[in-house]
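This is what each chain is made of:
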Amino acid sequence: MQNCWKNSAVQRNLRFVQKVIPGPNTSQLGPGEPYREKKMKIERIECSIVRLPLIRSFVTSSSKRSHLDHILVKISADGLVGWGECAVPPNPFYCEETTETCWHMLQDFLVPAVLGKDLKSIDELIASYQNVKRNNFAKAGLEMACWDLLAQAQGQPLNLLL
């Protein structure tokens, strides 16, 4: 994974084409009965910092904001792509995490802990980095992308898996 934070490569526009991949036939499952798919191998994880300009700037007691810098997490597994987002504040006035610390945690700890793993559930994902304390924004980006992958793999809407 390339460290685009230090290179100041902030993308202004992010475009992607969503490919619809038909899921398995789940019509014979009962209500609320989850489809059990084989484990998915996490083949690739890409993180990008995107700058989102705000329509209206705003001021708080700690800062003035005219844009948001968020981290998008893209995970590829078994031909599927899941997307997540680290919507972290830019400074440590709300919590201890910032865009830069989130990037550091993803690059140096969380991504290496899950890359190449065979995962079947979010619990298995979380177990991969259980020794990493707090850093909930960074973890949330990975977890969102994996929830997206699981829903696609099981051919179900995400709300049925939550």
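Provided above is the structure to which this section pertains.
Thresholds applied
- Residues numbered from 1 in each chain as written.
- Predicted model: local features only at pLDDT ≥ 70, side-chain atom pairs only at ≥ 80, totals over all residues.
- Heavy atoms only, no water.
- Core = buried A, V, L, I, M, F, W, Y, C linked by side-chain atoms within 4.5 Å.
- Buried < 20%, exposed > 50% of the residue type's maximum accessible area, 1.4 Å probe, protein only.
- Helix = DSSP H or I, 4+ residues; strand = E, 2+ residues; numbered from the N terminus.
- Contact = heavy atoms within 4.5 Å.
- Pairing = 2+ DSSP bridges.
- Axes fitted to C-alpha atoms, helices over the stretch in contact; angles between N-to-C directions.
- Parallel < 35°, antiparallel > 145°, perpendicular 65-115°, else oblique.
- Left-handed = near helix turned anticlockwise from the far one by under 90°.
- Nonpolar A, V, L, I, M, F, W, Y, C, P; charged D, E, K, R; others polar.
- 1 Å grid on protein atoms, 1.4 Å probe; cavity = no way out; pocket = protein on both sides within 12 Å on 5 of 7 lines; lining within 4 Å.
- Points joined across faces, edges and corners; volume = space filled by probe spheres on them.

J.: What's the story with the nonpolar core in this structure? I'm lost.
T.: When a protein is soluble and globular, its nonpolar side chains tend to lie buried together. Core analysis: the largest hydrophobic core is formed by 34 residues, its most contacted members being Ile-45, Ile-71, Val-73, Ile-75, Leu-106 and Leu-142. Sorting the residues of this core by element identifies β1 (40-59), β2 (64-77), β3 (80-86), α1 (99-114), α2 (122-128) and α3 (136-154) as the ones contributing at least two each. With sequence-adjacent residues up to four places away left out, Ile-75 is seen in contact with Ile-42, Arg-44, Ile-45, Leu-80, Val-81, Gly-82, Leu-142, Ala-145, Cys-146 and Leu-149.

J.: Just to check I follow, could you spell out the pairing of β2 for this structure?
T.: Side chains on a regular strand alternate between the two faces of the sheet. Judged from the 13 bridges that link them, β1 and β2 form a sheet pairing that is antiparallel. Residue pairing in the sheet places Val-59 in a bridge with Lys-64 of β2. Looking at chain direction, β2 and β3 are connected through seven bridges and run antiparallel. In the sheet register, Lys-74 faces β3, and the bridge partner there is Trp-83. From the end of β2 to the start of β3, which pair antiparallel, there are two residues, and Asp-78 there has a positive phi angle of about 50 degrees.

J.: Help me out: how do you make sense of the packing of α1 against α3 in this one?
T.: Two numbers describe a pair of packed helices, the interaxial angle and the distance between the axes. In contact at an axis separation of 9 Å, α1 and α3 are set at 50 degrees when each is read in the N-to-C sense. By the angle class used here, α1 and α3 are oblique. You can see that α1 and α3 cross each other, and the crossing is right-handed. Of the residues in α3, those touching α1 at Cys-102, Met-105, Leu-106, Leu-110, Val-111 and Val-114 are Phe-137, Ala-138, Lys-139 and Leu-142. For the contact of α1 with α3, the class distribution of residues is nine nonpolar, no polar and one charged.

J.: When you look at the pairing of β1 in this model, what are you seeing that I'm missing?
T.: Taken together, the two bridges between β1 and strand β4 (residues 118-119) define a ladder with antiparallel strand orientation. Across the sheet, residue Lys-41 finds its bridge partner in β4, namely Asp-118. Counted along the chain from β1 to the antiparallel partner β2, the turn is four residues long.

J.: Sorry if this is basic, but what is going on with the sheet that holds β2 here?
T.: The strands making up a sheet are joined through hydrogen bonds of the backbone, oriented either antiparallel or parallel. Strand order in this open sheet of four strands is β3-β2-β1-β4, and the pairing throughout is antiparallel. Edge positions in the sheet fall to β3 and β4, since each has one partner strand and no second. The strands touched by α1 within the sheet are β1, β2 and β3, with β1 carrying the most contacts at an inclination of about 170 degrees. Packed onto the sheet, α3 meets β1, β2 and β3 and runs at close to 150 degrees relative to β3.

J.: Help me out: how do you make sense of empty space enclosed by the protein in this one?
T.: Counted by the stated rule, this structure contains one cavity of 30 Å³ or more. In this structure, the largest cavity encloses a volume near 60 Å³. For the largest cavity, the full set of lining residues is Met-40, Ile-42, Leu-119, Lys-120, Ser-121, Ile-122, Leu-125, Cys-146, Leu-149 and Leu-150. Taken together, the residues of the lining of the largest cavity sort by class into eight nonpolar, one polar and one charged.

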